[in-house]
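Reading the structure
The residues making up each chain are set out below.
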Amino acid sequence: MTVFTAMLLGVAMGVIFGFALEKGRVCEAGVIVCQMQMSRHAMLKMFLSAVITGLVVLAFLVGFGFAKLSPKATLFAADIIGGAILGIGIVVAGACPGTVLAQIGTGYKDAIFTFVGGLFGALAFTYAEPTLLKPILTAGSYGKLTLDQLLGLPFPVVALALAAVLAGILVWLEKISPWQDEVGPQGDGLPAETARREPVAAPAA
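Rules and cut-offs
- Residues numbered from 1 in each chain as written.
- Predicted model: local features only at pLDDT ≥ 70, side-chain atom pairs only at ≥ 80, totals over all residues.
- Heavy atoms only, no water.
- Axes fitted to C-alpha atoms, helices over the stretch in contact; angles between N-to-C directions.
- Helix = DSSP H or I, 4+ residues; strand = E, 2+ residues; numbered from the N terminus.
- Parallel < 35°, antiparallel > 145°, perpendicular 65-115°, else oblique.
- Left-handed = near helix turned anticlockwise from the far one by under 90°.
- Contact = heavy atoms within 4.5 Å.
- Buried < 20%, exposed > 50% of the residue type's maximum accessible area, 1.4 Å probe, protein only.
- Salt bridge = Lys/Arg side-chain N within 4 Å of Asp/Glu carboxyl O.
- Phe/Tyr/Trp six-rings, centres within 6.5 Å; stacked < 30°, edge-to-face > 60°.
- pLDDT = per-residue confidence, 0-100.

This next bit is on the packing of helix H4 (residues 76-93) against helix H6 (residues 110-137). Angle between the axes and distance between the axes: these two values describe a pair of packed helices. Orientation of H4 relative to H6, taken along the N-to-C sense of each, is 160°, at an axis distance of 14 Å. Between H4 and H6, the interaxial angle falls into the category roughly antiparallel. The handedness of the crossing between H4 and H6 is right-handed. Residues Ala77, Ala78, Ile81 and Ala93 of H4 pack against Thr114, Ile136 and Leu137 of H6.

See below:
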């Protein structure tokens, strides 16, 4: 696969992902913030669905020799610190790196500032990481550590078993809190009693 083909494939996958985010209402700020508060789970359900699909596809590709896994090194300090900073940013901005472009596409003007801020943040990290952050972020490194290696089982078996467990959790979440209720009457992640309502225009005389 050439670099240009890979870029086109990436763009196509991004468009499909953004379309799914918008149709699932997961790009709405209210849905995102409620998920981070663990009060609603529409966002978790969608990403669990994506993880389950990915596990099944990878189990097939790896099991039949069509793909080979190349995991990155496990860095606990980087994962914990980076995850905490990302989580705070998501709550403050009501967006994450995956949803901000979908928000821009749906007309969220404030999402443009979130996007620009993310670019500046990535640029700042690029310059600070080699000298200032690398000693901290590389702490707690355990190399390329994967679950199938820890269990001593083939990856397809572990992937399919994990997919089944996650599917059970997904079904349970949907049962206790249906998606239609979680996105709210206006699809913005807010419950009916606090949903934004457009003022009703007075009838013409």
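Having seen the structure, we can now continue with the description.
What follows concerns helix H2 (residues 29-36). One turn of the α-helix equals 3.6 residues, which is why residues spaced by three or four share an orientation. Buried within H2 are the following residues: Gly30, Val31, Ile32, Cys34 and Gln35. Close packing links the buried residues of H2 with helix H3 (42-63), H4 and helix H5 (100-105). Taken from the residues just after H2, methionine 38 is the one with a positive phi, measuring 60°.

Enumeration according to the criterion identifies 4 salt bridges in this entry. Across the pair arginine 25 and glutamate 28 runs a salt bridge, and its minimum N-O distance is 2.5 Å. Of the charged contacts in the structure, one is a salt bridge between lysine 45 and glutamate 174, with a shortest N-O distance of 2.8 Å. Here lysine 45, found in helix H3, pairs with glutamate 174, found in helix H8 (residues 155-176); they are 129 residues apart in sequence, far enough to count as distant. A residue is classified by how much of its surface remains accessible, and lysine 45, at 5% relative accessible area, is buried. Several salt bridges share partner residues, and in doing so they unite Glu22, Lys23, Arg25 and Glu28 into one network.

What follows concerns the packing of aromatic side chains. For the coordinates displayed, the defined rule picks out 3 aromatic pairs. When the centroid spacing of 6.2 Å and the interplanar angle of 65° are considered together, the rings of phenylalanine 17 and phenylalanine 47 count as edge-to-face. With a gap of 30 residues between them, phenylalanine 17 in helix H1 (residues 3-23) and phenylalanine 47 in helix H3 connect regions that are remote in the sequence. In this structure phenylalanine 17 comes out as partly exposed when scored by relative accessible area, which is 34%. The class of phenylalanine 47 is partly exposed, set by a relative accessible area of 30%. Their ring planes at 45° and their centres at 4.9 Å tell us that phenylalanine 60 and phenylalanine 64 sit as a pair that is tilted. Among the aromatic residues, those joined into a cluster by ring pairs are Phe60, Phe64 and Phe66.

This paragraph deals with the confidence of the model for the protein. Overall, the predicted model of the protein reaches an average pLDDT of 83, with 89% of residues at or above 70. Within the protein, no element has a lower average pLDDT than helix H9 (residues 179-182), which sits at 77, and none a higher one than H8, at 94. For residues 195-203, every residue scores under 50 in pLDDT, and the model assigns this stretch 8 contacts once sequence neighbours within four places are set aside.

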